[in-house]
Amino acid sequence: MKAIIVVFCMFYLSLMSHSSIAQPNSLTIALGKEPDSGFDPIYGWGKYNNPLFQSSLIKRNSELDITADLASDWELSKDKVTWTVKLKSGLLFSDGEALTSDDIKFTFDKAKASASIHDLTNLDKVIVQSSTALTFILKHPDINFIDNFINIAIVPKHIYAKGYGQHPIGSGPYQFVRWDRGQQLLLALNPHYYGDKPAFEQLTIVFSDEESRYSRLMAGQLQLAAVAPRYANLLPAGFKLWSIDSVDNRGIAWPMVKAKGDIGNDVTSELVIRTAVDMAIDRDILVNQLLDGHATPAFSISDGLPWGVNLSLDNPVLENPVLDKAALNKPVFDKKVASSEKLSRAKQLLDNAGWKLTDDVRQKQGLKAEFSLYYLAGDSIREQLALTVAQMVKPLGIHITPRGESWENIYKHMHSQPVLFGFGSHSASEVRYVHHSQYRGVEYFNAGYYSNLSVDKALDDAQHALTWESSLPYWQEAQRLISKDRPWSWLVNLKHLYAASPCLDLGEPGIEPHGHGWPLANNISQWRWICH
């Protein structure tokens with residue numbers, strides 16, 4: 001209790017020391033990575049966060065409930081293939097031009113025709129009924145199609161052209177002022193915004209790496225910044241740490257097929273190798289020692305979500321006839337089983353499968369159990385996870401060489417070497433994108449070329465279910481099947497950390513998806529300056 005009182009007094013005194021700071025008109029913040037392709041929703045901007053410049057038909061609130069945005073009403077037909085959407089009246093873009101159904105149709109047609117991260121293959125056509133009403137015709141029922149109404153922000157038909165993402169115009173809470181690439185982004189309030197206006201008239205969003213961001217924070221140049229766990233206990237005096245739950249996970253995607261050209265890997269395509277690695281990874285160490293408790297253990301892409309399954313209690317290994325059941329008589333993720341015992345079982349598993357230890361490296365028919373593990377350079381969390389996993393599996397005789405590279409270089413190797421990725425969405429559709437054979441080699445989704453017809457069927461059944469509730473058992477069945485194949489080794493679900501001035505109240509942030517810091521802006525209209 002004494003410690004709590006001391007901390008409270010320190011925070012109160014800190015707040016009092018800022019009480020003379022008047023309400024500023026602007027904020028200088030550092031949220032996340034600068035988007036390479038600019039601020040164009042057609043190519044992914046705003047899929048995981050408030051797009052700031054633009055807005056979408058509907059959105060999710062802090063409780064993840066769906067609420068109105070540009071749309072006032074939306075309804076799905078009884079045969080589940082037609083969505084009817086009605087817009088609010090009097091909508092304007094930030095340049096004063098009217099936003100109508102034509103802009104909605106243009107945006108979806110453009111996204112469907114473009115090679116982007118939005119999957120609109122099931123969209124047959126969009127029909128404009130009036131300036132404020134339109135229908136979306138689907139090829140077949142897709143209970144998750146509504147996610148596209150949230151994820152695709154609307155662009156203006158009258159000015160959209162090549163390069164739009166460099167100087168966007170939209171209907172969001174802020175309007176674009178200037179983008180100094182590699183340095184900063186300047187925004188001002190959109191005078192025509194129809195929703196609750198943010199309290200700050202101007203935003204300066206600074207782009208920098210983790211170390212520079214922390215240095216700027218220490219120098220008093222930022223009022224808010226996303227911080228890595230290694231800086232959480234080293235914040236400037238008076239700054240408040242906001243720890244926000246997320247579904248943002250980190251895991252290793254395994255190449256799942258035998259090597260042929262630039263695709264596949266003869267070592268990681270062996271189920272016994274992937275299983276042994278999974279057993280050797282001590283997730284409690286990753287969470288509590290590596291990330292100082294700013295995470296939770298991860299066992300799937302959707303831990304804790306309605307469409308997820310509790311794989312920490314399941315025992316997929318015992319159900320797989322390929323593996324030696326006699327060597328494994330307890331769940332892989334069972335916390336009651338000591339790490340040393342799991343390691344011992346993993347070694348026995350490899351021995352039984354013919355992977356013999358020779359000169360500290362497992363070998364089978366001349367093939368050595370060694371490979372690279374790619375991660376994004378400059379991301380300290382991914383780097384620490386990659387290095388630690390490599391050390392954890394070393395006693396098995398499996399040699400992993402961590403390699404920090406740019407996304408451009410990772411893209412060249414991700415079909416033949418494991419990659420430490422991050423995913424995590426408010427939509428069950430991501431389970432499909434990452435595991436369905438339809439997405440083998442598509443963008444970063446199914447990078448390992450995973451394919452299982454039973455999984456595909458379960459995912460298809462989930463997508464075609466007539467109601468959201470009836471789709472849930474199919475999503476869960478798919479993930480139980482996936483867990484037996486182990487196309488991924490999931491490591492941790494992150495808590496997103498932000499350092500903020502004690503005068504800045506961030507309201508009630510919701511559970512954040514994957515999104516490199518930007519999702520914090522989802523409730524930007526709630527942000528307030530509480531010092532006077």
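Thresholds, definitions, all that
- Residues numbered from 1 in each chain as written.
- Predicted model: local features only at pLDDT ≥ 70, side-chain atom pairs only at ≥ 80, totals over all residues.
- Heavy atoms only, no water.
- UniProt positions renumbered as here; feature names shortened; annotations may be inferred.
- Helix = DSSP H or I, 4+ residues; strand = E, 2+ residues; numbered from the N terminus.
- Rg over C-alpha atoms; globule rule 2.2 N^0.38 Å.
- Buried < 20%, exposed > 50% of the residue type's maximum accessible area, 1.4 Å probe, protein only.
- Contact = heavy atoms within 4.5 Å.
- Areas by Shrake-Rupley, 256 points an atom, 1.4 Å probe, with all protein chains shown as cover.
- Lys, Arg positive; Asp, Glu negative; His and termini not counted.
- Charge placed at Lys NZ, Arg CZ, Asp CG, Glu CD.
- Pairing = 2+ DSSP bridges.
- Disulfide = S-S within 2.5 Å.
- Expected span 1.5 Å × (residues − 1).
- Arc of directions from axis to C-beta.
- Salt bridge = Lys/Arg side-chain N within 4 Å of Asp/Glu carboxyl O.
- Axes fitted to C-alpha atoms, helices over the stretch in contact; angles between N-to-C directions.

By the naming in an unreviewed UniProt entry, the protein chain goes by ABC transporter substrate-binding protein and is assigned to Shewanella eurypsychrophilus. Turning to the protein chain, the UniProt record has this under Sequence similarities (unreviewed entry): "Belongs to the bacterial solute-binding protein 5 family."

**Q** Please provide a residue-by-residue account of the overall build of the protein chain, values included.
**A** If you tally the helices and strands in the protein chain, you get 12 helices and 24 strands. For the protein chain, whose C-alpha radius of gyration is 24 Å, the value lies close to the compact-globule estimate of 24 Å for 532 residues. A total of 532 residues make up the protein chain; the buried ones form 55% of that total. Considering only intrachain contacts with a sequence separation of at least 6, the fraction spanning at least 24 residues in the protein chain is 68%. For the protein chain, the exposed area adds up to about 22500 Å²; of that, 51% sits on carbon and sulfur atoms. Positive and negative charge centroids in the protein chain, built from 51 and 58 side chains respectively, lie 3 Å apart.

**Q** Give me the sheet that holds strand β15 (residues 356-358): which residues, what numbers.
**A** The antiparallel open sheet is built from three strands, whose spatial order is β15-β16-β17. The open sheet terminates on both sides in strands that have one partner only, identified here as β15 and β17 (367-368). Sheet topology note: the strand β16 (residues 361-364)/β17 ladder contains two bridges and is antiparallel. Bridging from a neighbouring strand, Gln363 pairs with Lys368 of β17.

**Q** If you had to explain the state of the cysteines to someone new, which residues and values would you point to?
**A** Here, the word disulfide means a covalent bond between the sulfur atoms of two cysteines. For the coordinates displayed, the defined rule picks out one disulfide. Bridging Cys503 to Cys531, the disulfide has an S-S length of 2.0 Å. Around the S-S axis, the bridge from Cys503 to Cys531 shows a dihedral of about -90° and counts as left-handed. Taken together, the positions of Cys503 in the loop between β22 (496-500) and β23 (504-505) and Cys531 in the segment after β24 (528-529) put the pair 28 residues apart, joining distant regions of the chain. The residues Cys503 and Cys531 share a single accessibility class, namely buried.

**Q** Before we move on, can you summarise helix α7 (residues 339-352) with the specific residues and values?
**A** Between its first and last C-alpha, α7 extends 20 Å over 14 residues, near the 20 Å set by a 1.5 Å rise per residue. Taken together, the buried positions of α7 are Lys342, Leu343, Arg345, Ala346, Leu349 and Leu350. When α7 is viewed along its axis, its buried side chains cluster within an angular range of 160° and face the same direction. Once α7 ends, the next one or two residues include Gly354, with phi positive near 95°.

**Q** Break down the pattern of salt bridges for me, citing the residues and quoting the values.
**A** In total, this model carries 16 salt bridges according to the counting rule given. The partner of Lys105 in a salt bridge is Asp109, and the shortest N-O contact between them spans 3.0 Å. Placement of the pair is Lys105 and Asp109 together in helix α2 (residues 101-113), with a separation of four residues, close to one helical turn. Residue classification places Lys105 among the partly exposed residues on the basis of a relative accessible area of 27%. Among the residues examined, Asp109 registers a relative accessible area of 30% and is labelled partly exposed. Lys495 is paired through a salt bridge with Asp245; the nearest N and O atoms lie 2.6 Å apart. You can see Lys495 sitting in the loop between β21 (488-494) and β22 and its partner Asp245 sitting in the loop between β12 (240-244) and β13 (249-253), a full 250 residues away along the chain. The structure contains a network of salt bridges with shared partners spanning Lys258, Glu270 and Lys364.

**Q** Which residues make up the pairing of strand β10 (residues 202-206), and what values go with them?
**A** Buried residues dominate β10, accounting for four of its five residues. One ladder, built from four bridges, connects strand β1 (residues 26-30) with β10; its direction is parallel. Directly across from Ile29, in β10, lies its bridge partner Ile205. Pairing analysis gives five bridges linking strand β9 (residues 184-189) to β10, with the strands arranged antiparallel. Each residue of the ladder has a partner; that of Gln184, found in β10, is Val206.

**Q** Just give me the short version of the sheet that holds strand β8 (residues 174-180), but keep the residues and values in it.
**A** Read from one edge to the other, the open sheet built from seven strands follows the order β8-β9-β10-β1-β11-β22-β12, with strand pairing classed as mixed. Here the strands that pair on one side only, and so sit at the sheet edges, are β8 and β12. Here the strands of the sheet are splayed against their neighbours by 20° on average, with no regard to which way each runs. Summarising the sheet, β12 and β22 pair through five bridges and their orientation is antiparallel. When the sheet's bridge partners are listed, Ile244 is paired in β22 with His496. Relative to the sheet, helix α4 (residues 210-218) contacts β1, β10, β11 (224-226) and β22, its axis offset from that of β11 by approximately 155°.

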